[in-house]
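Tertiary structure, described
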Amino acid sequence: MLGAVPRSSFLPDVIWAHDMDSGANVALDRNADPAAWAEAAAAEHAPIVTQWDDGDHQGLEPGRVPTSSASQPSLVRSMLLDLEVSAGMRVLEIGTGTGWNAALLSCRLGDTNVTTVEVDPEVSARARTALNAAGYTPEVVCADGSLGWSAGAPYDRVIVTCGVREIPPAWLAQTRVGGLILAPFGTHYGHQDALVKLTVQQDGSASGPFLRAVQFMKMRSQRLVRPAHPDFPGDSVESATRVRVPLGDWEPFTFAASLLVPGVTHLVHRREDGVTVLWLYSLADTSWAAVFYDDEVEWEVYQSGPRKLWDLVEAAHRWWQSVGEPDFDRFGMTVGSAGRTFWLDTADHPLPRVQVGQRWESGAL
């Protein structure tokens, strides 16, 4: 199906090819270098940035934040397989982007069975033009995707092509019982997402496993707003640790910590002197922590505020090791009117609360 609907038909003249290893974004102009543009457009494992800074960007240099893209074909293919569509199904797509994914769904299911929602008017209009030029006419809606699109409900499938930090109630309400919601989900702990496959239940809740690590641009209405924190070192308390947690967006422990440690975001700063600093910031108060990793076997820890954030992460690491250092696909989530619960292996094994001394912190965010 991807061969019948090439990604190149949905790309603008100026694109930025993203290198997954280096993180570099290389500008390519179809009019100036058509061969290089075509090579990038056809690349199997390379996402392509098509918009920076919500459209407030000019020139060939990359902007500050990528805000629209065409996902790499290998990821698009795997997500469509995960969606498990069959003839006659109605699909709601959240995040039209270039329109390529909506075209693929239309090719498989027919235009009348596909609705795609995009929040950015310029991106939405460009996608509609590209879809029509390619011969596809799904319903293209310019609206807030977190509200779904009730006019076309109920849907058999909902596929989300932006990273989310909440599963909106509208998606549950607009999906038929037994239908699937496929979404890149994560918490504000970091930029990382994992693809979750939720099945809608009779009571209106949805539950299902995480499949694997992915990383998407975040839904605009759910982006992280970082609170202000006191300057380092402030009134912090110094201690030491012998625990060196795995760092990086694609590390299974980073994902486990994101589910176990509530209301916290983190940054990793690799300094030129070889020291790596793990920064932790509370999203609810002024608590913060910093761990300075070097070549030693014991490392400095600084913590400040009512919550001892490093203690929470250290406790989460102990739990993660005690259950066999589970990968992404051993975790799952249940979401409904009562909130959300994360679990390990099966829905009747919710993640524990993280214990810090005699105090407990909830792992069900």
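The structure contained in this document is the topic of the report that follows. The structure presented is a predicted model; accordingly, all values stated were derived computationally and were not measured.

A few points about the side chain of Ser287
In this fold, Ser287 is placed in the loop between strand E14 (276-282) and strand E15 (288-293). Classification of Ser287 as buried rests on a relative accessible area of 0%. There is a polar contact of 2.8 Å between the side chain of Ser287 and the side chain of Asp285. Setting aside residues no more than four positions away along its own chain, Ser287 makes contact with His229, Leu280, Tyr281, Ser282, Ser304, Gly305, Pro306, Arg307 and Leu309.

Some words on the nonpolar core
Core analysis: the largest hydrophobic core is formed by 58 residues, its most contacted members being Val164, Ile167, Phe210, Leu280, Trp310 and Phe331. What Val164 contacts, discounting residues up to four positions off in sequence, is Trp171, Ala183, Pro184, Phe185, Gly186, Met219 and Gln222. Residues Trp100, Val140, Ile159 and Leu182 belong to the second largest nonpolar core, which totals 26 residues.

Re the sheet that holds strand E1 (residues 14-18)
Taken in spatial order, the 4 strands line up as E2-E1-E3-E4 in an open sheet, and their pairing is antiparallel. Here the strands that pair on one side only, and so sit at the sheet edges, are strand E2 (25-29) and strand E4 (66-70). Neighbour-to-neighbour, the strand axes of the sheet open up by a mean angle of 40°, direction not taken into account. Sheet topology places E1 next to strand E3 (residues 48-52); 2 bridges connect them, and they run antiparallel. The partner of Trp16 across the bridge, within E3, is Val49. In the packing of helix H1 (residues 34-42) onto the sheet, contacts are made with E1, E2 and E3, and the angle to E2 comes to roughly 125°.

Brief notes about the environment of Lys218
Looking at the element boundaries, Lys218 is found in the loop between strand E11 (206-214) and strand E12 (237-241). Taking the C-alpha atoms as reference, Lys218 lies 9.5 Å from Asp193; in sequence the two are 25 residues apart. What Lys218 contacts, discounting residues up to four positions off in sequence, is Cys162, Gly163, Arg165, His191, Asp193 and Arg223.

Observations concerning the pattern of salt bridges
Taken as a whole and judged by the stated rule, the model has 15 salt bridges. With a shortest N-O distance of 2.8 Å, Asp193 and Arg165 are connected by a salt bridge. Here Arg165 lies in the loop between strand E8 (155-160) and helix H5 (169-173) and Asp193 lies in strand E10 (residues 193-200), a separation of 28 residues in the sequence. Arg165 matches Asp193 in its accessibility class, with the two residues each being buried. One salt bridge in this structure joins Arg340 and Glu166, with 3.2 Å as the shortest N-O distance. Of this pair, Arg340 sits in strand E18 (residues 339-344) while Glu166 sits in the loop between E8 and H5, and the two are 174 residues apart along the sequence. Residue Glu166 is classed as partly exposed on the basis of its relative accessible area, which comes to 45%. What you see here is one network of salt bridges that share partners, running through Asp54, Asp120, Arg220 and Arg223.

Things to note about the packing of aromatic side chains
Geometry of an aromatic ring pair is reported as the spacing of the ring centres plus the angle between the planes. Summed over all chains, the structure comprises 17 aromatic pairs. When the centroid spacing of 6.2 Å and the interplanar angle of 40° are considered together, the rings of Phe185 and Phe210 count as tilted. Of this pair, Phe185 sits in strand E9 (residues 175-185) while Phe210 is found in strand E11, placing the two residues 25 residues apart along the sequence. Phe210 matches Phe185 in its accessibility class, with the two residues each being buried. By way of ring pairs, the aromatic residues Phe185, Phe210, Phe255, Trp319, Phe328, Phe331 and Phe342 are connected into one cluster. The positively charged end of Arg30 is found above the aromatic ring belonging to Trp37, 4.0 Å away from the centroid.

Concerning the packing of helix H2 (residues 73-83) against helix H3 (residues 100-109)
One can describe the packing of H2 onto H3 by two numbers: an axis separation of 12 Å at closest approach and a directional angle of 45°. The angle between H2 and H3 places the two elements in the oblique class. Judged by the twist between their axes, the crossing of H2 over H3 is right-handed. Of the residues in H3, those touching H2 at Pro73, Val76, Leu80 and Leu83 are Trp100, Asn101, Leu104 and Leu105. Looking at side-chain class alone, the contact of H2 with H3 contains 7 nonpolar, 1 polar and no charged residues.

Rules and cut-offs
Residues numbered from 1 in each chain as written. Predicted model: local features only at pLDDT ≥ 70, side-chain atom pairs only at ≥ 80, totals over all residues. Heavy atoms only, no water. Helix = DSSP H or I, 4+ residues; strand = E, 2+ residues; numbered from the N terminus. Buried < 20%, exposed > 50% of the residue type's maximum accessible area, 1.4 Å probe, protein only. Polar contact = N/O pair within 3.5 Å; in protein donor to acceptor, adjacent residues only side chain to side chain. Contact = heavy atoms within 4.5 Å. Core = buried A, V, L, I, M, F, W, Y, C linked by side-chain atoms within 4.5 Å. Pairing = 2+ DSSP bridges. Axes fitted to C-alpha atoms, helices over the stretch in contact; angles between N-to-C directions. Salt bridge = Lys/Arg side-chain N within 4 Å of Asp/Glu carboxyl O. Phe/Tyr/Trp six-rings, centres within 6.5 Å; stacked < 30°, edge-to-face > 60°. Lys NZ or Arg CZ within 6 Å of the ring centre and 35° of its normal. Parallel < 35°, antiparallel > 145°, perpendicular 65-115°, else oblique. Left-handed = near helix turned anticlockwise from the far one by under 90°. Nonpolar A, V, L, I, M, F, W, Y, C, P; charged D, E, K, R; others polar.

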